[in-house]
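Spelled out from the first residue to the last, the chains are:
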Amino acid sequence: MEIELKNNHQGGGLKRLKCSVQNYDWGKKGTEGSEVARLYELNSGSDIELEKKKPFAEFWMGTHGSGPSFVVEGGVENGDSIGSGIMSLKEWICKNPNVLGDKVLDKWGCDLPFLFK
């Protein structure tokens, strides 16, 4: 997944996120055509064949400790990393706090208390 940041912000430009997935029992198995499994496979750039028997319930984007996202520095092409740098979204936000805006930063700091699913 990619997030767009205004160029006038520190760390601006487009950033690629490597997101997490939750395998709750109520999810749809990857072998049964799970859209979450499909998104995860495309996003992670890896073959999840061994994991396809698991239920894929939620695709998480955010700073939650149980399923953090990571910013991939250097770019990604066709799901394969072409850069060597990767850091947690929370760590990246702490290094580039202006991307959140003053109101959000004042209220929550670098830890976003919500999760986009």
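Criteria and cut-off values
Residues numbered from 1 in each chain as written. Predicted model: local features only at pLDDT ≥ 70, side-chain atom pairs only at ≥ 80, totals over all residues. Heavy atoms only, no water. Helix = DSSP H or I, 4+ residues; strand = E, 2+ residues; numbered from the N terminus. Buried < 20%, exposed > 50% of the residue type's maximum accessible area, 1.4 Å probe, protein only. Contact = heavy atoms within 4.5 Å. Areas by Shrake-Rupley, 256 points an atom, 1.4 Å probe, with all protein chains shown as cover. Phe/Tyr/Trp six-rings, centres within 6.5 Å; stacked < 30°, edge-to-face > 60°. Pairing = 2+ DSSP bridges. Core = buried A, V, L, I, M, F, W, Y, C linked by side-chain atoms within 4.5 Å. pLDDT = per-residue confidence, 0-100. Polar contact = N/O pair within 3.5 Å; in protein donor to acceptor, adjacent residues only side chain to side chain. Arc of directions from axis to C-beta.

For the protein chain, an unreviewed UniProt entry supplies the name MANNOSE-6-PHOSPHATE isomerase and the organism Salix viminalis.

1. Here's the deal with the overall build of the protein chain
The secondary structure content of the protein chain amounts to 3 helices and 10 strands. The proportion of buried residues among the 117 residues of the protein chain is 36%. Across the protein chain, the fraction of contacts at a sequence separation of at least 24, relative to all contacts at a separation of at least 6, is 52%. Total accessible area on the protein chain stands at roughly 7,300 Å², and carbon and sulfur atoms take up 50% of it.

2. Overview of the packing of aromatic side chains
Under the criterion given, the structure shown has 2 aromatic pairs. Here the aromatic rings of Tyr40 and Phe56 are separated by 6.4 Å at their centres, their planes lie at 40°, and the arrangement is tilted. With Tyr40 in helix H1 (residues 35-44) and Phe56 in strand E5 (residues 55-56), this residue pair connects regions lying 16 residues apart in the sequence. Both residues of the pair, Tyr40 and Phe56, belong to the buried class.

3. A word on the pairing of strand E7 (residues 70-73)
Where strand E2 (residues 13-18) and E7 come together, 3 bridges link them in antiparallel fashion. From the neighbouring strand, Lys18 faces E7, where its bridge partner is Phe70. With 4 bridges joining them, E7 and strand E10 (residues 85-88) adopt antiparallel strand pairing. Paired with Val72 across the strands is Ile86, a residue of E10.

4. Quick look at the nonpolar core
Judged by nonpolar contacts, the single largest core of 19 residues is most densely connected at Tyr40, Phe56, Phe59, Trp92 and Ile93. Breaking this core down by element, the ones donating at least two residues are H1 and helix H2 (89-95). Once residues lying within four places of it in the same chain are set aside, the contact partners of Tyr40 are Cys19, Val21, Ile48, Glu51, Phe56 and Phe59.

5. Structural notes on the confidence of the model for the protein chain
When pLDDT is averaged along the protein chain, the result is 80; 79% of the residues meet or exceed 70. Across residues 2-9, confidence stays below pLDDT 50; counting only partners more than four residues off in sequence or on other chains, it has 21 contacts.

6. Some remarks on the side chain of Ser20
Note on placement: Ser20 falls in strand E3 (residues 20-22). For Ser20, a relative accessible area of 14% puts it in the buried group. One polar contact links the side chain of Ser20 to the main-chain carbonyl oxygen of Gly67, over a distance of 3.4 Å. Contact partners of Ser20, with chain neighbours within four places excluded, come to Glu58, Phe59, Trp60, Gly67 and Pro68.

7. Quick notes on H1
All of the buried residues along H1 are Val36, Ala37, Tyr40, Asn43 and Ser44. For H1, the buried positions fall inside an angular range of 135° around the axis, keeping them on one side. Structurally, H1 contributes buried residues whose contacts are with E2, E3, E5 and strand E6 (58-60). Structurally, the start of H1 carries an N-cap: the backbone nitrogen of Val36 is 3.2 Å from a side-chain oxygen of Ser34. Looking one or two places after H1, you find Gly45, whose phi comes out positive at around 70°.

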